[in-house]
Amino acid sequence: MSYALQVKGIRKAFGSVKANDGIDLAVRAGEIHAICGENGAGKSTLVGQLGGMLQPDEGEIIIGGKPELLVSAKEASRAGIGVLHQHFMLVEAFTALENIMLGAEPPSRVFLDSRGGEKEVGEICRKYGLGLDLKAKVSGLSVGAQQRIEIIKILYRGARIIILDEPTAVLTPQETESLFAIMRDLKQGGCAVLFISHKLKEVMDIADQVTVIRDGRTVGAWPIREVNEQFLASSMVGREVALTVKREEGVVPGKPVLELQGLTVKTGGLEQGARDISFHICEGEIFGVIGIAGNGQEALVEGILGIRKAASGRIVVEGSDVTNRIPKDYRTLSIGCIASDRLKEGLVKDFSVKDNAYLGYQRYAGLRRGPFLSGRRLADWTRSIVENYRVKTESPDTPITGLSGGNQQKLIIGRELSLSPKLLVAVQPTRGVDVGSIEFIHRNLLRHRNQGNAVLLVSQELEEVLSLSDRIGVLCGGQLMGIGRTEDFTKGQIGLMMAGVHHKGEAAEYA
Ligand SMILES: Nc1ncnc2c1ncn2[C@@H]1O[C@H](COP(=O)(O)OP(=O)(O)OP(=O)(O)O)[C@@H](O)[C@H]1O
Ligand SMILES: [Mg+2]
C-alpha cells in the first residue's frame, strides 16, 4: 500500500547537535499517526523540515509516492502539507479571517477578495464544526480559538497531510476533546494526521499508529493496539519510567508562608476574576488549585504575585501584610514563579540561555562582584541550572529559541527553584515536558516542599494536582467551592465542586 507521507533517513544538524540523525516515518491517508519522543528528541525539527522551514542535510521526503524538495513553507503547502506549530504564528492585531487568508493563494482565483474567502472559510468551519467569529481580533481570542484559526488556515490552503506539534499542551481537557473530534473528522475525510504529544493517554486515545523517536533516530513504529503507555514511555527514554510519583507522607507542616484572607481580584473584560478567596499554605505543604480553566486561576495567581491589584482582602507572606505591596521583583520576598505561558511571561525570546537563566536575579549579590554582574558567577550559575535540571542545550550562549520546548520549561523550573524560594507558585509546571521529565519535576517539587517550603500548584492536570498536593482548593466562577486535605475528597465530590457545588468543610474555619 502506498503512503501519503514517507520520510527516509532524514538527518539535520544544528552546529554540533544532531537534531535528526536517521528518521524514518510512514503515514497513510485516513490515519492518525502519533510521534512520541523525549524533549529534544527531534520532533519539532522533523516538523520544520516537513513544513519547508528547514532543509534536511540528508534523506528523503516522499509525498504520495513522489520525492519532494520542500524548499519553503509555500512549497510544503503546495505539496499538501499543513503544519500547526508548537507556538502559534498568528498576527494578533489582525482578525481571524485576515489571518486565515494571509499569504494564501487559493488555486481557484487570481486575486484575493475577502468576500469570496469568507464564504469558503465559512464552509470549512461548518464542515468541521469549527465554531469561530471570523471578524474577531486574534488578540482577544482564547487559546483554543486561536488554534482553530490555525487549523482553518491549513485547511483553506487545501492540506491533506496535517501536522499538529503538541496541540494539546496549551488546551483545557474540554478543548482537547473538541480538537480530537476535529482530528477524527479530518481522518474520516481521508487526511493523514500527524500528532505530536507528551500525553501518552491522549496518544493511546486518538492515534491509530505510533512512531517513537529517541536522540534523533526512529526507534520503531507500531499499531496503537500493540502498545501501552508504559511501553511507549520506556521506548522513548530507553529505560523504565515511573509514570506517577507517589507523594510520600511529608514533613509536619510548619508556620504559614502564604495566607490569603478574603482576597478579591478584579479583571477587566471577559476574564474571570477571583472573589473572596481564603486559604493558607504552610512550610512543608503543597496546596493545589483545581478548576476548569478560566475559573479565576489566572486572577488568583496574578493577585498573589502583585501583577494585579487586590480589590479587597489581605495577602500575608511569612507574617507580614504585603497586600498591594508585592514588588515587581517578588523574588525579594523569596517567591518563585513558574509561569504558564513560557514564551510570554517566563522567558525573553531574544535572549540567550544564560541571560534567561538569571532573569530577575540581576540584583542578587551572589551573582555580582562589587557593582557589576560577574561573568564567571553567571557562567557557574547557568551551568548549575543546566546540569541539575538536565536542560539540553549546546552552550549557554545558544539563543533560547534554539532549545526544544520542554527544555525551555526545564530552564524556567531550574531558575525559579535555584534560590529555594520560601513560596513557589507553580502554574502548569509540566506543560510540554516529556514523561521522564515530568517524573523529575514532580520529585523536585516534592523535595522543595520537604525542605520546608510552601508550594502553590495550579494545573489543568487533575492527576498531577491530586498526586502531589497535601491539600486542595477547588475554584469555580472565581470562588472556592471547597478546601481540604486531598484524601478527604472523592473524585465525585471534586467533580461537583468544579461544576460549582459548594462543599462544606475546612473552608468554614476561615469564614
Ligand atoms: N534553531 C536551532 N538551533 C540550535 N539547536 C536547535 C535548534 N532547533 C533545535 N535545536 C536542537 O535540536 C534538538 C532537537 O530539538 P527539537 O525542538 O526538534 O526537539 P523536540 O523533540 O521537538 O522536543 P520538545 O518535546 O521539547 O518540543 C535539541 O537539542 C535542540 O536544542
Ligand atoms: Mg518540540
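Cut-offs and rules
- Residues numbered from 1 in each chain as written.
- Chains lettered and ligands numbered in written order.
- Predicted model: local features only at pLDDT ≥ 70, side-chain atom pairs only at ≥ 80, totals over all residues.
- Heavy atoms only, no water.
- Helix = DSSP H or I, 4+ residues; strand = E, 2+ residues; numbered from the N terminus.
- Rg over C-alpha atoms; globule rule 2.2 N^0.38 Å.
- Buried < 20%, exposed > 50% of the residue type's maximum accessible area, 1.4 Å probe, protein only.
- Areas by Shrake-Rupley, 256 points an atom, 1.4 Å probe, with all protein chains shown as cover.
- Lys, Arg positive; Asp, Glu negative; His and termini not counted.
- Charge placed at Lys NZ, Arg CZ, Asp CG, Glu CD.
- Disulfide = S-S within 2.5 Å.
- Salt bridge = Lys/Arg side-chain N within 4 Å of Asp/Glu carboxyl O.
- Core = buried A, V, L, I, M, F, W, Y, C linked by side-chain atoms within 4.5 Å.
- Contact = heavy atoms within 4.5 Å.
- 1 Å grid on protein atoms, 1.4 Å probe; cavity = no way out; pocket = protein on both sides within 12 Å on 5 of 7 lines; lining within 4 Å.
- Points joined across faces, edges and corners; volume = space filled by probe spheres on them.
- pLDDT = per-residue confidence, 0-100.
- Pairing = 2+ DSSP bridges.
- Axes fitted to C-alpha atoms, helices over the stretch in contact; angles between N-to-C directions.
- Expected span 1.5 Å × (residues − 1).
- Polar contact = N/O pair within 3.5 Å; in protein donor to acceptor, adjacent residues only side chain to side chain.
- Near = heavy atom within 4 Å.

Looking now at the overall build of the protein. Assigned secondary structure in the protein consists of 16 helices and 22 strands. The globule rule puts the C-alpha radius of gyration for 511 residues at 24 Å, and the 24 Å found for the protein is close to it. Taken along the three principal axes of its C-alpha coordinates, the protein extends 70 × 50 × 50 Å. Burial statistics for the protein: of 511 residues in total, 53% are counted as buried. Looking at the protein as shown, the accessible area adds up to about 22500 Å², and 52% of this sits on carbon and sulfur atoms. If you average the places of the 62 positive and of the 61 negative side-chain charges in the protein, the two averages end up 3 Å apart.

Moving on to the state of the cysteines. Using the criterion set out here, one finds 0 disulfides in the structure. Distance from the sulfur of C191, which forms no disulfide, to the nearest cysteine sulfur (C125) is 15 Å. For C191, a relative accessible area of 1% puts it in the buried group.

This part is about unusual backbone geometry. In this structure, E166 is a non-glycine residue whose phi angle is positive, near 50 degrees. Summarising the element assignment, E166 is placed in the loop between β7 (161-165) and α6 (173-188). If you check the backbone angles, D276 has positive phi at about 50 degrees while not being a glycine. Considering the arrangement of structural elements, one finds D276 in strand β12 (residues 274-282).

Right, let's talk about the pattern of salt bridges for a bit. Here the structure, examined in full by the defined rule, presents 25 salt bridges. When the shortest N-O distance is used, the salt bridge between K354 and D397 registers 3.9 Å. Taken together, the positions of K354 in helix α11 (residues 353-357) and D397 in the loop between α12 (375-388) and α13 (405-417) put the pair 43 residues apart, joining distant regions of the chain. Relative accessible area serves as the criterion here: at 23%, K354 is assigned to the partly exposed category. In this structure D397 comes out as exposed when scored by relative accessible area, which is 54%. R415 is the partner of E416 in a salt bridge, and the nearest nitrogen-oxygen pair spans 2.9 Å.

Moving on: the nonpolar core. Within soluble globular proteins, side chains that are nonpolar generally end up buried alongside one another. Ranked by internal contacts, the top residues of the largest apolar core, which has 53 residues, are M183, V203 and V210. Here the element with the most residues in this core is helix α5 (residues 143-156); it accounts for 7 residues. Setting aside anything within four residues of it in sequence, one finds V203 in contact with A34, C36, F195, S197, V210, I224 and L232. In terms of nonpolar packing, the next biggest core, distinct from the first, is built from 41 residues, L347, Y361, I441 and V474 among them.

With that settled, the discussion passes to empty space enclosed by the protein. Throughout the structure, instances matching the rule amount to 1 cavity of 30 Å³ or more. Taken as a whole, the largest cavity encloses approximately 60 Å³ of empty space. Lining of the largest cavity is provided by G144, Q147, R148, I151, L171, E175, S178, L179 and I182. Where the lining of the largest cavity is concerned, the elements lending two or more residues are α5 and α6.

Attention shifts here to the confidence of the model for the protein. Counting all residues, the mean pLDDT for the protein is 89, and 94% of those residues have values of 70 or more. Low pLDDT, under 50, characterises residues 507-511; the stretch is placed with 3 contacts to residues that sit more than four places away or in other chains.

This part covers the sheet that holds strand β4 (residues 58-63). An order of β2-β1-β4-β5 is seen for the 4 strands of this open sheet, with the pairing classed as antiparallel. Pairing within the sheet leaves two strands with one partner each, and these edge strands are β2 (17-27) and β5 (66-67). Its contacts with the sheet place helix α1 (residues 43-50) against β1 (5-14), β2 and β4, and it is angled at close to 115 degrees to β1.

For the rest of this paragraph, the subject is helix α14 (residues 435-450). Because each turn of an α-helix spans 3.6 residues, side chains separated by three or four positions end up pointing in the same direction. When the terminal C-alpha atoms of α14 are compared, their 23 Å separation across 16 residues agrees well with the 22 Å that a helix rising 1.5 Å per residue should span. Most of α14 sits inside the fold, with 12 of its 16 residues counted as buried. Turning to α14, its buried residues number three or more, namely V435, G436, S437, E439, F440, I441, H442, N444, L445, L446, H448 and R449. Structurally, the start of α14 carries an N-cap: the backbone nitrogen of G436 is 3.2 Å from a side-chain oxygen of D434. Taken from the residues just after α14, G452 is the one with a positive phi, measuring 95 degrees.

With that out of the way, let us pick up the pairing of strand β11 (residues 256-265). For β11, the buried fraction is high: 7 of the 10 residues fall into the buried class. Relative to strand β14 (residues 310-317), β11 runs antiparallel, the two being bridged by 6 bridges. Along β14, the bridge assignment pairs V265 with A310.

Okay, helix α8 (residues 229-237) next. Among all positions of α8, only L232, A233, S234, S235, M236 and V237 are buried. Within two residues after α8, G238 carries a phi angle of roughly 85 degrees, on the positive side.

Here we take up the site of ligand 1. Around ligand 1 sit 20 residues, and of these G40, K43, T45, S404 and G406 come closest. In the model, an oxygen atom of ligand 1 is placed 2.8 Å from a nitrogen or oxygen of the K43 side chain. Interatomic distance of 2.8 Å between a backbone N/O atom of G406 and an oxygen atom of ligand 1. Here ligand 1 loses 85% of its free accessible area of 640 Å² to cover by the protein chains. Secondary structure elements with two or more residues in the shell around ligand 1: β2, α1 and α13. The element that contributes the greatest number of residues to the shell around ligand 1 is α1, accounting for 3 residues.

Before going further, it helps to spend a moment on the side chain of Q428. With respect to the helices and strands, Q428 occurs in the loop between β19 (423-427) and α14. For Q428, a relative accessible area of 14% translates into the label buried. At 3.0 Å, the side chain of Q428 forms a polar contact with the backbone nitrogen of Q460.

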